[in-house]
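Structure at a glance
What follows is the residue order along each chain.
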Number of protein chains: 2
Amino acid sequence: MSTISDVAKLAKVSVSTVSRVISGKGYVSKETQKKVLQAAQELAYSPNLIARNLQSGKTQTIGFITNSPLGFPNSFLGTFIAIANLHDYYVTLYFTNGDKNKEIDVLNQMKHRQLDGIFVFNRSNEWSVFESYTAYGPIATRYRINSKQIYSSHIDHYPIYLASLNYLYQQGYKKIAHSMGNPENRNTKARIKAINSFYQGNGLLLNVDWLFCETSTENNGNQLAHWFHHATDKPEALACHSDSIAVEFISELQNLGYNVPRDVAVIGFDNSDISRLMHVTTVDYSANLQAENSFVHLYNQLNNTNIPQHHLEYKLIERKTTPKINDYIEQD
Amino acid sequence: MSTISDVAKLAKVSVSTVSRVISGKGYVSKETQKKVLQAAQELAYSPNLIARNLQSGKTQTIGFITNSPLGFPNSFLGTFIAIANLHDYYVTLYFTNGDKNKEIDVLNQMKHRQLDGIFVFNRSNEWSVFESYTAYGPIATRYRINSKQIYSSHIDHYPIYLASLNYLYQQGYKKIAHSMGNPENRNTKARIKAINSFYQGNGLLLNVDWLFCETSTENNGNQLAHWFHHATDKPEALACHSDSIAVEFISELQNLGYNVPRDVAVIGFDNSDISRLMHVTTVDYSANLQAENSFVHLYNQLNNTNIPQHHLEYKLIERKTTPKINDYIEQD
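Calculation rules
Residues numbered from 1 in each chain as written. Chains lettered and ligands numbered in written order. Predicted model: local features only at pLDDT ≥ 70, side-chain atom pairs only at ≥ 80, totals over all residues. Heavy atoms only, no water. Helix = DSSP H or I, 4+ residues; strand = E, 2+ residues; numbered from the N terminus. Buried < 20%, exposed > 50% of the residue type's maximum accessible area, 1.4 Å probe, protein only. Contact = heavy atoms within 4.5 Å. Areas by Shrake-Rupley, 256 points an atom, 1.4 Å probe, with all protein chains shown as cover. Expected span 1.5 Å × (residues − 1). Pairing = 2+ DSSP bridges. Axes fitted to C-alpha atoms, helices over the stretch in contact; angles between N-to-C directions. Salt bridge = Lys/Arg side-chain N within 4 Å of Asp/Glu carboxyl O. Phe/Tyr/Trp six-rings, centres within 6.5 Å; stacked < 30°, edge-to-face > 60°.

In the nomenclature of an unreviewed UniProt entry, chain A corresponds to Transcription regulator hth laci from the organism Trichococcus pasteurii.

Pasting the structure below:
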């Protein structure tokens, strides 16, 4: 492959003159410009974009940190990459598998100018660690956090979860089990607050044995199905903080000989493809707009633009897993 | 942020001396080395990795070309990225949406040394276009192609599809519809060959109205469900070339009031998560090993190593959508 030096030699000019022609920066006479471009064409020279990035200090690349290839954030990630590509940005994916050092490696990539910005889908380090890297580039997340340095596009889970529980109540379900995320997360705290409001508001007593917080990200729904199978006092409905837990629960219950919704109603959260395919009632909370907001924030920071953000809204998507209680008709 | 010039100034040495210390290449006296490292530490200087890449000409980044965020190659992509990360390579995703020019853009990224290699999951350009770029870096694909320049990790679909059809036959299904991919693909051609062998071998007549080739990648299963709904002569089974088509078909049939397998049996292909969740009989063809082989090939090419490849095998995964015909018992 020919280099900038080859072009300079053939055009009988200096390397810096070729560089000025290629970058369009600095004065070069028309005649010299023509000589350089002819030489470049003759040698099929293509400018080294790494070198060009070195000048601008930009890579047009955003790092996306997520836990693992399993339970992959499909639609969110897809939207994030699609909008990035539309703005001529690229997305590099990092699977950190909950390893704090791997997260630091990615943050250092931004420090070393191999990434322009970072989106945090999952994280293991404290937020203060991430904050200390915002000196090197913008960081955004989907988590609901209180940070002046890190951007967060989130939606309040309190009214959403309260609406889900009230809906189940209207459908006749009073014995409800709850599958929730990491109790450290503000989203989980908002859900616990919603549970309190719901039980107090309806004069019901909460069965704390039916309150599950996530300890591991994998197969949580599967474990819940086995818990359901062995429980002597079974709930009438399970409310899940993600569709993936809801569908794993339903699928494993089917393996154990149960039927959803006849034996237990299920409501998910995410409105993912899989919830649609398996007819699971869920909540759409504008995850695609959340992904778009996150990228747009990074873009605005990096380009001094002011593209407006979307307002996030939620909507209950009623499907087949939450009929009126005792109304279930065997499907043929 | 401090630059290499700042370090040189503080250490009272030249920029090229700092560069020699940072890169570890070329002679520098112990004393000078110490001065430079002290200055670098004092200024919290971190070497610009873009500049470092410029020296090595490597980005440690592989481009992954796929069609769209919808129907995303989840498990394959996950494995590909996980194995790449393990070898200190990064993966940048490009959604080309079937746009030939976008594919060329990605290929040019490799030409301009922003990517070390490329994996082609979907493509729109002729293979000859891709071949012309192998001068700039290695290219691999999952497609079964005949090319000396492009690597392909594939499995022969002929024996696989013949085994699927023979299995359906043993289960009692003789009226079989076939959902296949792009007729231009060698995989599709192998499947058509398997269909011919199957019908001739069993003295059956092929109903050509039941032979579907993919015209669009989206909602093909959905369309097939509506075709089934309106067909006066309905098949007893549908054999699909992907799990995603199988599950879309099943889900939409359920919306239309049908039951799988009571009304029609279904066999998929991929052994994806969604087929497991929806209990769909399918074929596992070592997609994860295929992803690993593809990365390992690129890695071997880029690093002059010789990590061995896996042999791909297939296995029929029997689940609930293909019981013995007329043996279907209403599940409770």
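1. Notes on the overall build of chain A
Summing up its helical and strand segments, chain A has 13 helices and eleven strands in all. For chain A, with 332 residues in total, the buried portion stands at 50%. Pairs at least 24 apart in sequence give 67% of the contacts found in chain A among residues at least 6 apart. Put simply, chain A shows about 15400 Å² of open surface, and 48% of that area lies on carbon and sulfur atoms.

2. Points about helix α11 (residues 243-255) of chain B
Residues and elements named next belong to chain B. For α11, built from 13 residues, the straight-helix expectation of 18 Å at 1.5 Å per residue is met to within 8% by its first-to-last C-alpha distance of 18 Å. When you tally the buried positions in α11, you get ten out of 13 residues, the bulk of the element. Of the residues flanking the end of α11, it is G257, one or two places downstream, whose phi is positive at about 90°.

3. Some thoughts on the sheet that holds strand β7 (residues 211-213) of chain B
All names here are of chain B. The parallel open sheet is built from four strands, whose spatial order is β7-β6-β8-β9. The open sheet has two free edges, formed respectively by β7 and β9 (265-267), since each of these has just one partner strand. With strand direction ignored, the average angle separating the axes of adjacent strands in the sheet is 15°. As paired strands, strand β6 (residues 176-180) and β7 are joined by three bridges and run parallel to one another. Bridge pairing links H178 to L211 in β7.

4. Remarks on the pattern of salt bridges
Tallying each qualifying case throughout the model produces ten salt bridges over all chains. Notably, a salt bridge pairs A:E248 with B:R276, separated by 2.8 Å at the nearest N-O pair. Of this pair, A:E248 sits in helix α11 (residues 243-255) while B:R276 sits in helix α12 (residues 273-277), each in a different chain. Here B:R262 and B:D263 are joined by a salt bridge, their closest N and O atoms 2.9 Å apart. You can call B:R262 partly exposed: its relative accessible area is 34%. One salt-bridge network, held together by shared partners, links A:E248, B:D273 and B:R276.

5. With respect to the packing of aromatic side chains
Residues and elements named next belong to chain A. Scanning all chains against the criterion turns up 42 aromatic pairs over all chains. Ring plane angle 85° and centroid distance 5.9 Å describe the contact between Y169 and F198, whose orientation is recorded as edge-to-face. Taken together, the residues Y169 in helix α8 (residues 157-170) and F198 in helix α9 (residues 186-201) connect sequence positions 29 residues apart. A relative accessible area of 1% means that F198 is categorised as buried.

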